[in-house]
Amino acid sequence: MTYKSILITGGAGFVGSHLTENLLAEGCQVTIVDDLSTGNWSNIEHLDKHPNLRVLIAPVEDRALLEQEVPRHDLVYHLASAVGVKLIIEQPVKTVETIFRGTDIVLNACSRYRRPVLITSTSEVYGKSTNLPFREEDDVVMGPTEKRRWAYACAKALDEFLALAHFAESRLPVFIVRLFNTVGPRQTGQYGMVLPTFVSQALSNRPVTVYGDGKQQRCFCSVFDIVEGLKKLPQNPEAMGHVVNLGSQEEISIEGLAQRVIELTGSESKIEYIPYEKAYAKGFDDMQRRVPDTSRAKQFIDWNPKYSLDDIIRQVTDYYQTRQQDAS
Ligand code: UDP
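As the structure is a prediction and not an experimental result, all values here were calculated from the model.

Chemist: Where do I start with the nonpolar core in this structure?
Modeler: Soluble globular proteins: nonpolar side chains tend toward being buried together. One finds Ile6, Leu23, Tyr77, Leu230 and Leu233 to be the most contacted residues of the largest nonpolar core, which totals 36 residues. Going through the elements one at a time, strand 1 (5-9), helix 1 (14-25), strand 2 (29-34), strand 4 (75-78), strand 6 (174-179), helix 7 (223-232), strand 11 (243-246) and helix 10 (295-301) are the ones with two or more residues in this core. In terms of residue count, helix 1 provides more of this core than any other element does, 5 residues in total. Discounting chain neighbours no more than four positions away, the residues touching Leu233 are Leu118, Phe175, Val177, Ala239, Val244, Phe300 and Ile301. Counting 23 residues, the second-largest nonpolar core is a separate cluster that includes Val33, Leu65, Val106 and Ala163.

Chemist: Would you mind showing me how to read the pattern of salt bridges here?
Modeler: Should their charged atoms come close, side chains of opposite charge can pair. Scanning the entire structure with this criterion turns up 20 salt bridges. The salt bridge involving Glu136 is made with Arg296; its shortest N-O contact spans 4.0 Å. Placement of Glu136 in the loop between strand 5 (117-122) and helix 5 (149-170) and of Arg296 in helix 10 is noted, with a sequence separation of 160 residues between them. Both residues of the pair, Glu136 and Arg296, belong to the buried class. For Glu263, the salt bridge identified is with Arg260, shortest N-O distance 2.7 Å. A residue pair is termed a helical-turn pair when its members lie 3 or 4 positions apart in one helix, as Glu263 and Arg260 do in helix 8 (residues 254-265) at 3 residues. Given the relative accessible area of 55%, Glu263 is considered exposed. One network of salt bridges, in which partners are shared, links Glu124, Arg149, Arg218, Asp286 and Arg290.

Chemist: Please explain the side chain of His73 as it appears in this structure.
Modeler: Locating His73 in the fold gives a position in the loop between helix 2 (63-69) and strand 4. Residue His73 is classed as buried on the basis of its relative accessible area of 4%. Among the polar contacts made by the side chain of His73, one reaches the main-chain carbonyl oxygen of Glu69 at a distance of 2.8 Å. Ignoring any residue separated from it by four or fewer positions in sequence, one finds His73 in contact with Ser5, Ile6, Leu7, Thr31, Arg54 and Arg115.

Chemist: Honestly, the sheet that holds strand 3 (residues 53-57) in this entry has me stumped. Any pointers?
Modeler: Pairing between the strands of a sheet comes from backbone hydrogen bonds, and it takes one of two forms, parallel or antiparallel. Within the open sheet, the 7 strands sit side by side as 3-2-1-4-5-6-11. Their pairing is parallel. Looking at strand neighbours, the two that pair on one side only are strand 3 and strand 11, the edges of this open sheet. Each strand axis lies, on average, 20° off the axis of its neighbour in the sheet, ignoring direction. Two strands pair when backbone bridges link them, and strand 6 and strand 11 are joined in this way by 4 bridges, in the parallel orientation. Considered in strand 11, the bridge of Val177 is made with Val244. Of the strands in this sheet, strand 4, strand 5, strand 6 and strand 11 touch helix 7, which is tilted by about 160° from strand 11.

Chemist: What should I look at first to understand the pairing of strand 6 in this one?
Modeler: Consecutive residues of a regular strand have side chains that alternate between opposite faces of the sheet. Burial analysis of strand 6 places 6 of its 6 residues in the buried class, the great majority of the element. On strand 6, burial covers both faces: Val174, Ile176 and Arg178 on one face and Phe175, Val177 and Leu179 on the other are all buried. Examined bridge by bridge, strand 5 and strand 6 share 6 bridges and lie parallel to one another. Note on strand 6: the bridge partner recorded for Val117 is Val174. The parallel pair strand 5 and strand 6, bridged by helix 5, forms a crossover whose chirality is right-handed.

Chemist: Quick question: what am I supposed to make of the packing of aromatic side chains here?
Modeler: To describe a pair of aromatic rings, one takes the distance between the centres and the angle between the planes. One pass over the structure, following the stated rule, counts 5 aromatic pairs. Ring plane angle 75° and centroid distance 5.4 Å describe the contact between Tyr319 and Tyr320, whose orientation is recorded as edge-to-face. Classification of Tyr320 by relative accessible area gives buried; the value is 12%. Among the aromatic residues, ring-to-ring pairing joins Tyr126, Phe134 and Phe180 into one connected group. The cationic tip of Arg178 hangs over the ring face of Tyr126; the distance from NZ or CZ to the ring centre is 4.7 Å.

Quick notes on the rules
Residues numbered from 1 in each chain as written. Predicted model: local features only at pLDDT ≥ 70, side-chain atom pairs only at ≥ 80, totals over all residues. Heavy atoms only, no water. Core = buried A, V, L, I, M, F, W, Y, C linked by side-chain atoms within 4.5 Å. Buried < 20%, exposed > 50% of the residue type's maximum accessible area, 1.4 Å probe, protein only. Helix = DSSP H or I, 4+ residues; strand = E, 2+ residues; numbered from the N terminus. Contact = heavy atoms within 4.5 Å. Salt bridge = Lys/Arg side-chain N within 4 Å of Asp/Glu carboxyl O. Polar contact = N/O pair within 3.5 Å; in protein donor to acceptor, adjacent residues only side chain to side chain. Pairing = 2+ DSSP bridges. Axes fitted to C-alpha atoms, helices over the stretch in contact; angles between N-to-C directions. Right-handed = clockwise from strand over helix to strand, strands pointing away. Phe/Tyr/Trp six-rings, centres within 6.5 Å; stacked < 30°, edge-to-face > 60°. Lys NZ or Arg CZ within 6 Å of the ring centre and 35° of its normal.

Structure representation (structure tokens):
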């Protein structure tokens, strides 16, 4: 890692905590800014006494804190964000405000002190596009503003615009990553994410809840592969000012995922199909398929995911089993 002192907003979150752990293992100094809203102390508890880690429990909207911390670091990862379709539909004001305000504050501080910054965006930005695989320069197809899900996509797209605007106007070194479905240990099902939900249902032999007809497809990528991409990207100046997809291209239907989870956990669970209207509050609109084109990631950082879906399901299962043992 060419950067030595790194600030991570959202460092106590699912992806942020794995990135933190990895960078500490490389010998970097890491500061986390996280208000533990969707992040969780338990994700970083084991790192608490690490001599190279500082944890600041504060929201990313704390402008004074960001102004103070950004110049002390030589790279900023902005991961703090509202996450999960469920949260986004249930708390739409918070979603739009924290996403846009937080990114604005981070970018302003990075601009003032000219610090390179990596912003994490999302495959949601592609919206309802059916032009697969999704390429970064493709048109996006947003749903109506009356369907709340799209507020998240629009807020994240605006973050990208703002970051690119800083690059265009002052050559601020910005790196933008669109994360596709990312899974692994420490991800919680609390905000509606499918894999942790299925694994915990299967481990307790409860029905595995497939929404809709389960024919919708996704590609699931290990958080460990994503972390490698997040580390490499800001080390290549050619990636500056570009949007880069990171995600797996191995597609599976949600019904197929449910079956695989039941099989690999040796569960007695049955699949229960739940209509979307029952699963989510009003304002939901799902997409059938979502596959990234990863040519840019290959070109810039020679990136390819290494973990298979079965590897990931096993890792998530181990994680939940260990936690159950700890809790009992
Ligand atoms: N899903 C499901 N059962 C659940 C949670 C999610 O069938 O308990 C579905 C969800 O409707 C979507 C897919 O699984 O089609 C992936 O959902 P997730 O929220 O993990 O990510 P998304 O791709 O929607 O951002």
